[in-house]
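# Working through the structure, step by step
Residue-level listing of the chains:
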Amino acid sequence: HLSDARLLSYRIENDIILDGKLDDWAPQDSIVFSNNDNTVIVYSVWNNNNVYFGIRVEDRSIINQSEFDTSGQFQGLPHEDDIEIYLDIDHDHNQIRDFPDRTFLIAPSGAMYKRMVSFDGSNYKSWKEFDINTEIYILGTLNNDQDVDTYYSIELAIPWEKLGVKAQ
C-alpha cells in the first residue's frame, strides 16, 4: 500500500551549510515514516543552485559494508544501511525508471552510488561519477552489533545543473 503523504520542498535564499547535523532543518517541513524497525525523517529545500535533503535514520544497529571488485568498481549496497533518493526528473510518474530519472544511494560511511537509465533503455550504473556534496553524522558505531546505536543523519546538496533542470 502506497502512502498519500507528501514532502513539500520550499524555496530558500541561502545555501544550506552541510555538517551532517540537522539542527537548522527544524523549521522546515518534514515527513516521517517507518522502514522495518527504523524511523526515518526527511527534509528538503531548494534554491537557485541546489536541491537539498536532510535525512535522519534512527537505527539500533548501523551497518556499512560497501564492496568493491578488484578494479575498484563499486558492487552495490546489498547488506547495509543506506538511504535511497529517487528523482523523477521529467515528472512523468512512470513506475519504471527511465531517462532522465536518477536514483542516489548513500551509505552511512559516505559511499555513494548513482543509478540512471541511458537513452537506449539499458541500465547504466556509475560509482561516484556525479557531483553531489554530502556530510554524514553518526550517533553510534558502524558495524558493531554488540552495542546499541541511536541514529545517523545525512545532508546532501544536488546541483540543478547535474540533474539537467533549471530552478524555477
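What you see is a predicted model; the values in this text were computed from it and never measured.

A few words now on the nonpolar core. Formed by 22 residues in total, the largest nonpolar core has its most connected members in Phe53, Ile55, Ile83, Leu156 and Ile158. Among residues more than four places away in sequence, those in contact with Phe53 are Trp25, Val42, Tyr43, Ser44, Ile85, Leu87, Ile154, Glu155, Leu156 and Ile158. Trp25, Ile41, Tyr52 and Ala157 belong to the second-largest nonpolar core, a separate cluster that totals nine residues.

For the rest of this paragraph, the subject is unusual backbone geometry. Located in the positive-phi region is Asn143, a residue other than glycine, with phi close to 60°. Inspection of the secondary structure assignment puts Asn143 in the loop between strand S9 (133-139) and strand S10 (151-159). Looking at Asn143, the relative accessible area reads 37%, which means it is partly exposed.

The subject of this paragraph is the pattern of salt bridges. Overall, the coordinates contain three salt bridges when judged by the stated rule. Between Arg11 and Glu13 there is a salt bridge whose closest N-O contact spans 3.9 Å. Look at Arg11 and you get partly exposed, because its relative accessible area is 39%. For Glu13, a relative accessible area of 67% gives the class exposed.

Right, let's get into the side chain of Asn50. Summarising the element assignment, Asn50 is placed in strand S4 (residues 50-58). Residue classification places Asn50 among the buried positions, given a relative accessible area of 12%. At 3.1 Å, the side chain of Asn50 forms a polar contact with the side chain of Tyr52. When residues no more than four places from it in sequence are discounted, the contact partners of Asn50 are Asp15, Val45, Ala157, Ile158, Pro159 and Trp160.

Let us now look at the confidence of the model for the protein. Averaged over every residue, the pLDDT of the protein is 78; the share at 70 or more is 76%. Mean pLDDT per element in the protein: strand S8 (residues 123-126) is the minimum at 53, and S4 is the maximum at 93.

Quick look at the pairing of S10 now. In terms of burial, S10 is largely enclosed, as nine of its nine residues are buried. By the alternation rule, side chains of S10 split into Tyr151, Ser153, Glu155, Ala157 and Pro159 and Tyr152, Ile154, Leu156 and Ile158, which are all buried. Of the pairings in the sheet, the one linking S4 to S10 comprises nine bridges and is antiparallel in character. By the bridge assignment, Val51 is partnered in S10 with Ile158. Pairing of S9 with S10, which is carried by seven bridges, proceeds in the antiparallel orientation. Residue pairing across strands places Ile138 opposite Tyr152, the latter belonging to S10.

Each value, and the rule that gives it
Residues numbered from 1 in each chain as written. Predicted model: local features only at pLDDT ≥ 70, side-chain atom pairs only at ≥ 80, totals over all residues. Heavy atoms only, no water. Core = buried A, V, L, I, M, F, W, Y, C linked by side-chain atoms within 4.5 Å. Buried < 20%, exposed > 50% of the residue type's maximum accessible area, 1.4 Å probe, protein only. Contact = heavy atoms within 4.5 Å. Helix = DSSP H or I, 4+ residues; strand = E, 2+ residues; numbered from the N terminus. Salt bridge = Lys/Arg side-chain N within 4 Å of Asp/Glu carboxyl O. Polar contact = N/O pair within 3.5 Å; in protein donor to acceptor, adjacent residues only side chain to side chain. pLDDT = per-residue confidence, 0-100. Pairing = 2+ DSSP bridges.

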